[in-house]
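Descriptive analysis of the structure
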Amino acid sequence: MFNGHRFGRGAGRAAIATLTALVTAVAGMSPAYAEDDRPIKRPKPVAGASAGQAGLKTFATQEAVARMAPYGSVDPGEYGDALADLKGLRGTGSRWHEVTDKPYDADDPNYRDPQYSNSGGGWGNVAGRVTGLAAGKGWMFAGGANGGVFRKRLGTGGSWQPISDGVLALSTGDLVYDAEQDTLWYATGEANTGATTYTGAGVYRLRKASRSTGFTQADRVGGDELESRSINQLKFDGHGWVYAATSRGLWRHSTDPKRHSERWQLVFLPNPASDTDITKPYDNIVNDVLIQPGSRGRTVLVNAAWRSGAAYNGYYLSTRGGRAGSFVRVNLAGDIDNADVGNAEFSASANGRHLYLVQSSPAGLAAGASSLSGVYHSVNGVLGPWTRVADSTELENSGSAIGVDQGYPVGVQTWYNNFIEVDPTDPRHVYVGLEEVYETEDGGASWKTIGPYWNFSLPCFDPSVPSGGCPSTTHPDQHSIAVVGGTVLIGNDGGVYSRPLAPAASREDTAGHAVDWTNHNSTLRTLQYYSVGTGRDPNGRGHTVAGGLQDNGGSLLRGGARELVGPFGGDGGDIIVNPRNGCEILDEYVFLALWLTKNCGQSDGTTSAIFDITVPDVNARFTAPFRVIRGSRNVRDGASERWVAGGNSFWRHDLAFGYTPAEADAEESNGWQRLYQLDDTGARLIVGMDAVADPTAPADPAKDTYLAAWCGQSNCNSAGFTRGVVTNWGGAWIDLDLTGLPNRFPNAVAFDPNDRTNSTIYLVFNGFNRRFIEGPGAGVKHVYRGKLAKTAGGVSVDWTDLSVGFPDVPATDVVVVGDKLVVGTDLGVLVADRRAGPDRITWRRVGANSGSSRYALPLTAVFDLHVSGDGNLYAATHGRGIWKTPLRDL
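Everything numeric here is computed off the predicted structure, so don't read it as measured data.

We now examine the overall build of the protein chain. The number of helices and strands found in the protein chain is six helices and 63 strands. Accessible surface, the protein chain as shown: approximately 27800 Å² in total, 48% of it carbon and sulfur.

Spelled out as structure tokens, the structure:
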């Protein structure tokens, strides 16, 4: 999603140009291998045109890279073993408390910055990305991208309750509900972002789903054979088989409960040899399955395709009931270009006579245009002929809020956000989800945009009206759909929305935009945070809590407030909050495009409360790090700490929250000073950093000490992979010797605040150990302590391995709290005595096991740890919001 609304602002256009230039510089570098999985975000129409770059989900790609660098794939069993290790640890007495268990109002009129907020866009309350939906028997089920499954009564009342916290993975690929049997099928492993997703743990079947307390590991169908695979779709043939379309082939399993524990059968791999070739992770992606109605399960059509195009992309047919070895490649007749086949999704009418599909175009993706090949309809079976009933232009002209003239054509992300569904009561009534929601009542002869991207570009938009002046709409980027009774449910990057199904019962305005959407997000706790920061709220009612989110900007919870608000739009990234004044916030959009507010972003839409201080780096990660210089004072008023930021270079800002909009307008560098560049090519990127001031001279930048972990080359995941740690400790910048340390992604670094000489440092590695990962990144450790010393030749470092007893799970962050070393991971938070050596270090889980208590941290990835002045440790999770636990209980 992109941030944006008001067009034609000079300052906004300048910001776009600056950020576009930075991204172009990155894009111009040669990829490290042919299928470089590092797409660059392209310009989007922008609400304050400051919102910048857009499009492909670079962050998801880079996070997958971090876990498998330098390259490789993850064997089945890795997460099961990691979870067993984690649950086997002793827990502390810590009790986690959910902080973001309140509604997140993206449309609050008091936080409607005319340049940087998405308030007024019409989305209302928002949640995190929902990639699975199912409903029936008066219940609806929603699957968060990395938050697990929630259940709620149909209708506007009731609250969502989590029901999958007791299983191995909370990443959702698909949900299917059998109302007759009251059985919910849960496919784990989100498949929207490409083949590098690995977080799946297979398929689960929950009986008595409407009243059961929730899933357990015993509900997993089969064994561990589907672990580490993403599952895009589950499809049932009605004759005893369920198919799973995964990132590594097509699998099937009996639906007979008596055969629950049997292993899944692999029935189709487009490129069998590539399944064991770590350099070819995209060669076996199966996106969806279509069983020909009336064929008794014998005719099975499969779409297999990599989003950027590959020799195997196309359609494959079995006429022998989907048995292994029975699939042959076929060309579909009609309007489909069989030489340009990307991701496709299927739907069939209840009577079986009408088949529909929506397909992406690798050629369109490569050209930077719409990646929508089209929406197609067949009344002659799976082979067609298929007639194109919609393309990007036709959908744009149906009332869309985006388009080519805005630099963001309809279908630009078809490979990422797409669904198609036929009304079970009317074979010519069809819904299509791309960036927006579209509907046809006549089989595609005409279309209307019932869920426009937002309202900013529509004539009804009026920022002076609290609602924004337009009817509510759905959040952008559609992923899932469910139809039950007279209701259609939509799942997207902002949660769940619904409206009446029947055209006679639903209502639209004259432009075809729905005016009857119901929002179901006030209690859906699936927010995907990248970061968290806190500070004392000037309102005197406690601390503010701010964080950057995937596709939901930068959220803010004021002291004593009952809801979150969104001062910052677009994607959110890292964040800094002044601990002395929690309304002074530095928020990241993407690629070190940084936005600053000194009043919590409060605006009625007439004046801006935020200004841009983008770092002029040539190549930063999608969510690049920036930090306070701990213990420092800015050189203007001393009321806040100074900052550092990391892209291809290490940067410092000496004025910090003392900086002014006038200075930002006058200075091309926005006050940033380059201290050190990693290399001349722009290929190396800082991924973790820390900085401390000299306690005897907190306002003297010349006495600061810096530390940064970096990765390269070009995409941080290839045969040319390199990594390192640099520091100016000792007086000059130097790369530390990492001999003997894992050749993996160095995710976070930190100085030990207990060491006044700053000679003690900590380094944590992402990724998995060699028992699971196939490839040269294999290593066996995750956590290290380094001791720096001056030598005649410069600086040496003595590394001590602290990984003894540490679960085999990616480590994401590290902080020191007194004598406690605290590490964030993909499965929770761990703690140990920082003083212990390898012979006596004991790692403990912070809190109880996931699912065992309301005070247990959910089993989802922790991306950021923050030690707050309010006496709590905050954990930003990428799927279940922000949590906190008292520091004294660690």
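And the narrative resumes.
This part takes up the sheet that holds strand β30 (residues 437–440). Judged by pairing direction, the sheet is antiparallel, and its four strands sit side by side in the order β28-β29-β30-β31 without closing on themselves. With one partner strand each, in any of the chains shown, β28 (419–422) and β31 (448–451) form the two edges of the open sheet. Between one strand axis and the next, the sheet turns through 25 degrees on average, direction left out of account. Of the strand pairs in this sheet, β28 and strand β29 (residues 430–433) are connected by four bridges, and their pairing is antiparallel. Bridge assignment links Glu421 to a residue of β29, and that residue is Tyr431.

A few words now on the pairing of strand β63 (residues 882–886). The buried count for β63 comes to four of five residues, which makes it a mostly enclosed element. The sheet contact formed by strand β6 (residues 97–98) and β63 spans two bridges and is antiparallel. The residue bridging His97 from the neighbouring strand is Lys884, located in β63. The hairpin turn running from strand β62 (residues 872–877) into β63, its antiparallel successor, is four residues long, and Gly879 in that turn takes a positive phi close to 155 degrees.

When you line up the elements, Asp105 lands in strand β7 (residues 104–105). Despite its burial, Asp105 pairs with no opposite charge, the nearest such side chain being Arg112 at 7.2 Å. At 2.9 Å, the side chain of Asp105 forms a polar contact with the backbone nitrogen of Asp107. When near neighbours in sequence (up to four residues on either side) are disregarded, Asp105 contacts Gly124, Asn125, Glu563, Leu564, Val565 and Gly566.

All chains considered together, the criterion is met by two disulfides. Between the sulfur of Cys460 and that of Cys470 lies a disulfide, 1.9 Å long from S to S. Judged by the sign of its S-S torsion, about 110 degrees, the bond between Cys460 and Cys470 is right-handed. Of the two residues, Cys460 is situated in the loop between β31 and β32 (478–484) and Cys470 in the loop between β31 and β32; the sequence distance between them amounts to ten residues. With a relative accessible area of 30%, Cys460 lands in the partly exposed category. For Cys583, the disulfide goes to Cys600, at an S-S distance of 2.0 Å. The chirality of the disulfide connecting Cys583 with Cys600 is left-handed, given an S-S dihedral of about -90 degrees. Of this pair, Cys583 sits in strand β41 (residues 581–588) while Cys600 sits in the loop between β42 (594–597) and β43 (610–612); the two residues are 17 residues apart in sequence, bridging distant segments of the chain.

The subject of this paragraph is the sheet that holds strand β16 (residues 231–236). Strands belonging to one sheet form pairs held by backbone hydrogen bonds; the direction of such a pair is parallel or antiparallel. Judged by pairing direction, the sheet is antiparallel, and its four strands sit side by side in the order β16-β17-β18-β19 without closing on themselves. Both outer strands of the open sheet, β16 and β19 (265–268), are each paired with one neighbouring strand and no more. Pairs of neighbouring strands in the sheet enclose a mean axial angle of 30 degrees, with direction left out of account.

For the structure on display, the rule yields 26 aromatic pairs. Ring geometry for Trp123 and Trp454: centres 6.4 Å apart, planes at 15 degrees, overall stacked. Pair noted here: Trp123 is in the loop between β7 and β8 (130–136) and Trp454 is in the loop between β31 and β32, with a separation of 331 residues, a long-range link. Accessibility classification places Trp123 together with Trp454 in one group, the buried group. Centre to centre, the rings of Tyr453 and Trp454 are 5.2 Å apart; their planes meet at 80 degrees, and the pair counts as edge-to-face. Residue class for Trp454 comes out buried when judged on its relative accessible area of 0%. Put simply, the rings of Trp123, Tyr408, Tyr453, Trp454, Phe456 and Phe461 pair up and form one aromatic cluster.

So, on to the pattern of salt bridges. Applying the stated criterion across every chain yields a total of 30 salt bridges. One continuous salt-bridge network, built from bridges that share partners, spans Glu439, Glu441, Lys448, Arg499, Glu508 and Asp516.

So, on to the nonpolar core. Counting 51 residues, the largest nonpolar core has Val375, Leu395, Leu434, Trp447 and Ile882 as its most contacted members. Elements represented by at least two residues in this core include exactly β25 (355–360), β26 (372–378), β27 (387–390), β28, β29, β30, β33 (487–492) and β62. Beyond its immediate sequence surroundings of up to four residues, Ile882 is in contact with His97, Glu98, Val99, Thr100, Tyr529, Ser531, Val532, Val545, Tyr874, Ala875 and Ala876. Val149, Ala169, Leu184 and Phe806 belong to the second largest nonpolar core, which has 42 residues in total.

Turning to the environment of Ala106, a few remarks are in order. Mapped onto the secondary structure, Ala106 falls in the loop between β7 and β8. Aside from chain neighbours lying at most four places away, what touches Ala106 is Asn118, Ser119, Gly120, Trp123, Gly124 and Val126.

Turning our attention to the confidence of the model for the protein chain. Mean pLDDT over the protein chain stands at 89; residues scoring 70 or higher make up 88%. Here residues 768–778 scores under 50 on pLDDT; set against residues more than four positions off or in separate chains, the count is 47 contacts.

This part covers the environment of Gly158. The topology assignment puts Gly158 in the loop between β10 (148–153) and β11 (161–162). Note on Gly158: relative accessible area 55%, which makes it exposed. For the pair Gly158 and His520, spaced 362 residues apart in the sequence, the C-alpha separation amounts to 9.6 Å. Residue contacts for Gly158: discarding those within four places in its chain leaves Lys152 and Thr523.

Moving on, we come to the environment of Val809. Here Val809 shows up in the loop between β56 (794–801) and β57 (811–817). Classification of Val809 by relative accessible area gives buried; the value is 1%.

Between Gly384 and Pro385 the backbone carries a cis peptide bond, its omega angle lying at 15 degrees. One non-glycine residue with positive phi stands out, namely Asn670, at about 55 degrees. Positionally, Asn670 belongs in the loop between α6 (661–666) and β47 (672–677).

What counts and how
Residues numbered from 1 in each chain as written. Predicted model: local features only at pLDDT ≥ 70, side-chain atom pairs only at ≥ 80, totals over all residues. Heavy atoms only, no water. Helix = DSSP H or I, 4+ residues; strand = E, 2+ residues; numbered from the N terminus. Areas by Shrake-Rupley, 256 points an atom, 1.4 Å probe, with all protein chains shown as cover. Pairing = 2+ DSSP bridges. Axes fitted to C-alpha atoms, helices over the stretch in contact; angles between N-to-C directions. Buried < 20%, exposed > 50% of the residue type's maximum accessible area, 1.4 Å probe, protein only. Lys, Arg positive; Asp, Glu negative; His and termini not counted. Salt bridge = Lys/Arg side-chain N within 4 Å of Asp/Glu carboxyl O. Polar contact = N/O pair within 3.5 Å; in protein donor to acceptor, adjacent residues only side chain to side chain. Contact = heavy atoms within 4.5 Å. Disulfide = S-S within 2.5 Å. Phe/Tyr/Trp six-rings, centres within 6.5 Å; stacked < 30°, edge-to-face > 60°. Core = buried A, V, L, I, M, F, W, Y, C linked by side-chain atoms within 4.5 Å. pLDDT = per-residue confidence, 0-100.

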